[in-house]
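# Overview (structure and organization)
In case you want the letters, here they are:
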Amino acid sequence: MWYMIYSEDVENSLPLRREARPAHLARLQQLKEEGRLFAAGPLPAVDAEDPGEAGFTGSLVIADFDSLEAAQAWADADPYIDAGVYAKSTIKPYKLVLP
């Protein structure tokens, strides 16, 4: 089943994000290679494709997991958690209707 992982950043997270980004992206790439990733990306702090030094306010991942518990465990192991980027994450089932 698909699950939405919505994570909210701490204030001034950009330096922390930059440091942990390679490990964070590697986990997402693994999901993609397994055919389990629908969408993933950061949420810009300003209305721009590239927010520059304004940074990001969080991230959204929609991926396939066996259970809510498995999605939660995956989210809890994100390198951005260890790096202090995320203040909290919300994981919920997601029903894909379109496209």
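Our subject is the structure listed above.
Residues numbered from 1 in each chain as written. Predicted model: local features only at pLDDT ≥ 70, side-chain atom pairs only at ≥ 80, totals over all residues. Heavy atoms only, no water.

This paragraph deals with the environment of Ala26. For Ala26, the position within the fold is in helix 1 (residues 14-33). Note on Ala26: relative accessible area 47%, which makes it partly exposed. In sequence terms Ala26 and Ala75 are 49 residues apart; their C-alpha atoms lie 14 Å from each other. (Helix = DSSP H or I, 4+ residues; strand = E, 2+ residues; numbered from the N terminus. Buried < 20%, exposed > 50% of the residue type's maximum accessible area, 1.4 Å probe, protein only.)

In this structure, the largest pocket encloses a volume near 250 Å³. Lining the largest pocket we find 16 residues, and of these Arg17, Arg21, Leu25, Pro42 and Tyr80 sit closest to its centre. Of the residues contributing to the lining of the largest pocket, the split by class is 10 nonpolar, 3 polar and 3 charged. Quantified by volume, the second largest pocket comes out at close to 170 Å³. Mapped by element, the contributors of at least two residues to the lining of the second largest pocket are helix 1 and strand 3 (56-64). Grouping the amino acids of the lining of the second largest pocket by side-chain chemistry returns 6 nonpolar, 4 polar and 3 charged. (1 Å grid on protein atoms, 1.4 Å probe; cavity = no way out; pocket = protein on both sides within 12 Å on 5 of 7 lines; lining within 4 Å. Points joined across faces, edges and corners; volume = space filled by probe spheres on them. Nonpolar A, V, L, I, M, F, W, Y, C, P; charged D, E, K, R; others polar.)

Bringing the pattern of salt bridges into the picture now. For the structure shown, the criterion picks out 5 salt bridges. One salt bridge connects Arg17 with Asp9, and the closest N-O pair in it is separated by 2.7 Å. Summarising the burial analysis for this pair, Arg17 and Asp9 share the class buried. Among the ionic pairs, Glu53 bridges to Arg18, the shortest N-O distance being 2.9 Å. Within this pair, whereas Glu53 is found in the loop between strand 2 (37-44) and strand 3, its partner Arg18 is found in helix 1, the two being separated by 35 residues in sequence. Of the residues examined, Glu53 reaches a relative accessible area of 63% and is grouped as exposed. (Salt bridge = Lys/Arg side-chain N within 4 Å of Asp/Glu carboxyl O.)

In this model helix 1 runs 27 Å from its N-terminal to its C-terminal C-alpha over 20 residues, within 8% of the 28 Å that 1.5 Å per residue would give. Of all the positions in helix 1, only Leu14, Arg17, Ala20, His24, Arg27, Leu28 and Leu31 are classed as buried. Here the buried face of helix 1 lies against strand 1 (2-9), strand 2, strand 3, helix 2 (68-76), helix 3 (79-82) and strand 4 (86-94). Positive backbone phi, at 75°, marks Gly35, one or two positions downstream of helix 1. (Expected span 1.5 Å × (residues − 1). Contact = heavy atoms within 4.5 Å.)

This brings us to helix 2. Structurally, the α-helix is built with 3.6 residues per turn, so residues lying three or four positions apart point the same way. Taken together, the buried positions of helix 2 are occupied by Ala71, Trp74 and Ala75. Down the axis of helix 2, the buried set is contained in an arc of 100°. They therefore lie on one face. Of the surrounding elements, those touching the buried residues of helix 2 are strand 1, helix 1, strand 3, helix 3 and strand 4. (Arc of directions from axis to C-beta.)

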